[in-house]
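Letter by letter, the chains look like this.
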Amino acid sequence: MEVNNLTLDNQKKELEDIAPELLKKEKKERDFSLPDLPNGEKGGVVTRFPPEPNGYLHIGHAKAAIVDYEYARMYDGKFILRFDDTNPDNAHLEFYDAQKEDLKWLGIDWDEEYNTSDNIEKHYKLAEQLIRQDHAYVCTCDSDFIKECRFNGKECDCRCIESGESLDIWKEMISSSIQGAILRLRGDMTCVNTAMRDPTLFRIIEKEHPLQGDKYRVWPTYDFSGAVEDSLSGVTHPFRTKEYELRDECYFKLLDLLGIRKPHLMEFARLSIEGMPVSKRKIKPLIDKGDVLGYDDIRLPTLRGLKKRGILPEAIKKFVIEQGISKVESSVTFGLLEAANRKIIDPITKRYFYVSNPVKLTVDNAPHKEKKIDYYPRDKKLGSRTIETDKIFYVEKQDMEKLKVGDIFRLKDLFNVKIINKNNNIIGEFVSEELIPDSLKIQWTTDRFVNLNVFIPHLLFINDKFNNKSLEEVKGYAEESISNIKKEEIVQFERFGFVRVENVNKKLTGFFTHK
RNA sequence: GCUCCCGUGGUGUAGUCCGGCCAAUCAUUCUGGCCUUUCGAGCCAGCUACUCGGGUUCGAAUCCCGACGGGAGCACCA
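Residues numbered from 1 in each chain as written. Chains lettered and ligands numbered in written order. Predicted model: local features only at pLDDT ≥ 70, side-chain atom pairs only at ≥ 80, totals over all residues. Heavy atoms only, no water.

Attention now goes to the overall build of chain A. For chain A, the count of helices and strands is 13 helices and 29 strands. Here the C-alpha radius of gyration of chain A, 32 Å, is well above what a compact globule of 515 residues would show, namely 24 Å. Taken across its 515 residues, chain A has 50% of its residues classed as buried. Of the side chains in chain A, 82 bear a positive and 88 a negative charge, and the two mean positions are spaced by 5 Å. (Helix = DSSP H or I, 4+ residues; strand = E, 2+ residues; numbered from the N terminus. Rg over C-alpha atoms; globule rule 2.2 N^0.38 Å. Buried < 20%, exposed > 50% of the residue type's maximum accessible area, 1.4 Å probe, protein only. Lys, Arg positive; Asp, Glu negative; His and termini not counted. Charge placed at Lys NZ, Arg CZ, Asp CG, Glu CD.)

Along helix H11 (residues 313-323), the positions that sit buried rather than exposed are Pro-313, Ala-315, Ile-316, Phe-319, Val-320 and Ile-321. In this structure, the buried side of H11 is in contact with helix H2 (59-74), helix H3 (93-106), strand S10 (271-273), helix H10 (303-309), strand S11 (330-332) and helix H12 (334-345). After H11 finishes, the residue Gly-324 shows a positive phi value of roughly 70°. (Contact = heavy atoms within 4.5 Å.)

Bringing the sheet that holds strand S20 (residues 426-432) into the picture now. Pairing is mixed across the open sheet formed by seven strands, whose spatial order is S21-S18-S19-S20-S14-S17-S22. Because the sheet does not close on itself, it has two edges, and the strands there are strand S21 (441-442) and strand S22 (445-446). Note that strand S19 (residues 415-421) and S20 share five bridges and pair antiparallel. Bridged to Asn-416 within S20 is Ser-432. (Pairing = 2+ DSSP bridges.)

Counted by the stated rule, this structure contains 28 aromatic pairs. Judged by centre distance (5.5 Å) and plane angle (40°), the rings of Tyr-56 and Tyr-295 are tilted. You can see Tyr-56 sitting in the loop between strand S1 (46-49) and H2 and its partner Tyr-295 sitting in the loop between helix H9 (280-289) and H10, a full 239 residues away along the chain. Relative accessible area serves as the criterion here: at 24%, Tyr-56 is assigned to the partly exposed category. Ring centres 6.3 Å apart and planes at 55° place the aromatic pair Phe-493 and Phe-496 in the tilted group. Accessibility expressed as a relative area gives 0% for Phe-493, which makes it buried. One aromatic cluster in this structure is built from Tyr-124, Trp-170, Phe-202, Tyr-216, Trp-219 and Phe-224. Here Arg-351 stacks its cationic end above the ring of Tyr-376, 3.9 Å away from the centre of that ring. (Phe/Tyr/Trp six-rings, centres within 6.5 Å; stacked < 30°, edge-to-face > 60°. Lys NZ or Arg CZ within 6 Å of the ring centre and 35° of its normal.)

Taken together, three strands build an open sheet; the order of strands is S1-S2-S3 and the sheet is parallel. Of all the strands in the sheet, the pair left with one neighbour each is S1 and strand S3 (112-115). Neighbouring strand axes in the sheet, compared pairwise and without regard to direction, differ in orientation by 25° on average. In terms of strand pairing, strand S2 (residues 78-83) meets S3 through four bridges, oriented parallel. Pairing of Ile-80 across the sheet is with Glu-112, part of S3. Its contacts with the sheet put H2 on S1 and S2, and the angle it makes with S1 is roughly 160°. (Axes fitted to C-alpha atoms, helices over the stretch in contact; angles between N-to-C directions.)

The next point concerns the pattern of salt bridges. Evaluation of the coordinates by the stated rule reveals 46 salt bridges. Of the charged contacts in the structure, one is a salt bridge between Arg-73 and Asp-111, with a shortest N-O distance of 3.4 Å. Placement of Arg-73 in helix H2 and of Asp-111 in the loop between H3 and S3 is noted, with a sequence separation of 38 residues between them. On the accessibility criterion, Arg-73 (28% relative accessible area) is partly exposed. On the accessibility criterion, Asp-111 (43% relative accessible area) is partly exposed. Ionic pairing is found between Asp-399 and Arg-495, a salt bridge with its closest N-O pair at 2.4 Å. Taken together, the residues Asp-399 in helix H13 (residues 397-402) and Arg-495 in the loop between strand S27 (488-493) and strand S28 (497-504) connect sequence positions 96 residues apart. The partly exposed category is assigned to Arg-495, whose relative accessible area is 41%. By sharing partners, the salt bridges in this structure join Arg-48, Arg-82, Asp-84 and Asp-230 into a single network. (Salt bridge = Lys/Arg side-chain N within 4 Å of Asp/Glu carboxyl O.)

Below, the discussion takes up the environment of Arg-309. Relative to the helices and strands, Arg-309 is located in helix H10. The class of Arg-309 is buried, set by a relative accessible area of 5%. Through-space distance from the C-alpha of Arg-309 to that of Val-450 is 21 Å; in sequence the pair is 141 residues apart. For Arg-309, the residues in contact, after removing those within four places along its chain, are Met-276, Ile-298, Phe-334, Glu-338, Pro-457, Arg-500, Phe-511, Phe-512 and Thr-513.

Looking now at the state of the cysteines. Throughout the structure, instances matching the rule amount to zero disulfides. Distance from the sulfur of Cys-158, which forms no disulfide, to the nearest cysteine sulfur (Cys-141) is 3.6 Å. Cys-156 supplies the cysteine sulfur nearest to Cys-160, a cysteine that is in no disulfide, at a spacing of 7.9 Å. (Disulfide = S-S within 2.5 Å.)

Okay, the pairing of strand S18 (residues 408-411) next. Sheet topology note: the S18/S19 ladder contains four bridges and is antiparallel. Paired with Arg-410 across the two strands is Asn-416, which belongs to S19. Hairpin connection, S18 to S19: the antiparallel pair is bridged by three residues, and Asp-413 has positive phi, about 70°. Of the pairings in the sheet, the one linking S18 to S21 comprises two bridges and is parallel in character. Residue pairing across strands places Arg-410 opposite Lys-441, the latter belonging to S21.

The next thing to look at is the nonpolar core. The nonpolar side chains of soluble globular proteins are, as a tendency, buried together. With 42 residues, the main nonpolar core has Ile-316 and Leu-337 as its most contacted residues. Sorting the residues of this core by element identifies H2, S2, H3, strand S9 (266-268), S10, H10, H11 and H12 as the ones contributing at least two each. Per-element tally for this core: the top contributor is H2, with nine residues. With sequence-adjacent residues up to four places away left out, Ile-316 is seen in contact with Ile-59, Ala-62, Ile-66, Trp-105, Leu-106, Leu-303, Leu-306, Ile-311 and Leu-337. In terms of nonpolar packing, the next biggest core, distinct from the first, is built from 35 residues, Leu-126, Leu-185, Val-218 and Leu-258 among them. (Core = buried A, V, L, I, M, F, W, Y, C linked by side-chain atoms within 4.5 Å.)

On to the confidence of the model for chain A. Residues with a pLDDT of 70 or more make up 94% of chain A, whose mean pLDDT is 93. Taken as a whole, residues 1-28 scores under 50 in pLDDT and shows nine contacts with residues more than four places along the chain or in a different chain. (pLDDT = per-residue confidence, 0-100.)

Structure follows, in structure tokens:
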């Protein structure tokens, strides 16, 4: 029978008769683990995270680090932390440790750690090999000229000097004080891929290195050190971001010429969050001007900023793995990270009363009470506190504005109140204790409150322009028991949102995490 | 300008290599409902997508060609 001649409805009916089970769509569960690695063998995978110690880690670094780390764990392999500190102009001592702290906070530990700058002698040897093989040459042209030649696909005269002479100058570069010389790969000056037009392999930078001091003046470039280190350190699956894709050819050519092992190099897209730039170029000026408070500002996607705001490392990990290693350039909303975070913190955070924009409410005939309220009714393990109440309360101005004289509402977990007067003072009247279904329940404090201001982060940039309303400060009263928290804790202020509260020298500050 | 990469709902992603099981995954957002002593969580339902045009094929999100759109690179930075 010609099934396709039937209408859709008839087809369905027909199917129901023959094979009803086919009509039921069972939900497919998607697992959020990373896809398999090409040629990935249990125990045989080595990955690496190679930051330059030039700043604090941000969510973009976290993506790379988590992907590298997770793959190593997935295959029972090895994960290497390598500081790519081959430019003494950029590397700073403080950031080696700072970045390690950031990684540890993320929950990442490494099997091996080293600095590229420890291997400079090795790099020199390989460079010498290239020169002897006539695959690299010393160039003394100035950078503008080199640029021009690259652009036009022209070779310069330095390319013709013979390998012996190049070697002599190379040795001089290392040992003496000559300036203005670089070592270049003999690539192809007419190659359509401009990355192959004799890229620079080594250059002279005379600056104290944070670890090596003044031991070296000739430093390898990323093209050289990256490829060589990946190969020599046994990395099998190095990842990097898409903007390096054009350099793949150079990476493999170098390893080819040197006759050393070629890893399986892969690229993924950079992670960008809407309105939260990651680049130092954009963040540094804001810090210098004082527009943001530092690299741990809660508006920033630095790991320190996220931490301060109350984002947990597990949420970052989930978020990153959900994004995966696609090459599609996309801009994710911060809401996705928030959602991941909320799922984790919701079941484990205590609920407190916090009243922003407080106004006084007097309930003259209120019964005196000592009310025990669970920190989270759904999980008694989180404990409870007892609040003593009398006639005086503080409630949110916004809530009171919604109510008219005569309206009845409930002070949550306490009793029902009717509004008697709203003129100068807000006066209420005790109505009853039993819960009135569907009544408005609002949070409150007594007159034994503590002052607590909450900083609420908003988008740092809107349409590429700095948002000068990006940091909002809300003043309010929190119930007294909030001051019992230790140094810091993420809590939920009911009907307000999740807030990370810091308790430093008896001074409380709140940082709004998310709704 | 040249070269490379990418293009699935509002957002992000799975599927693309190896065409059929895709009348397209999952998450998030949004809308409605349920539940709840929070505007949070949970539960249920709903909306919305294969950039376009050709080709190959019995059959294309998937392969080929072209267009369009987005991103990146063209550093003595990584």
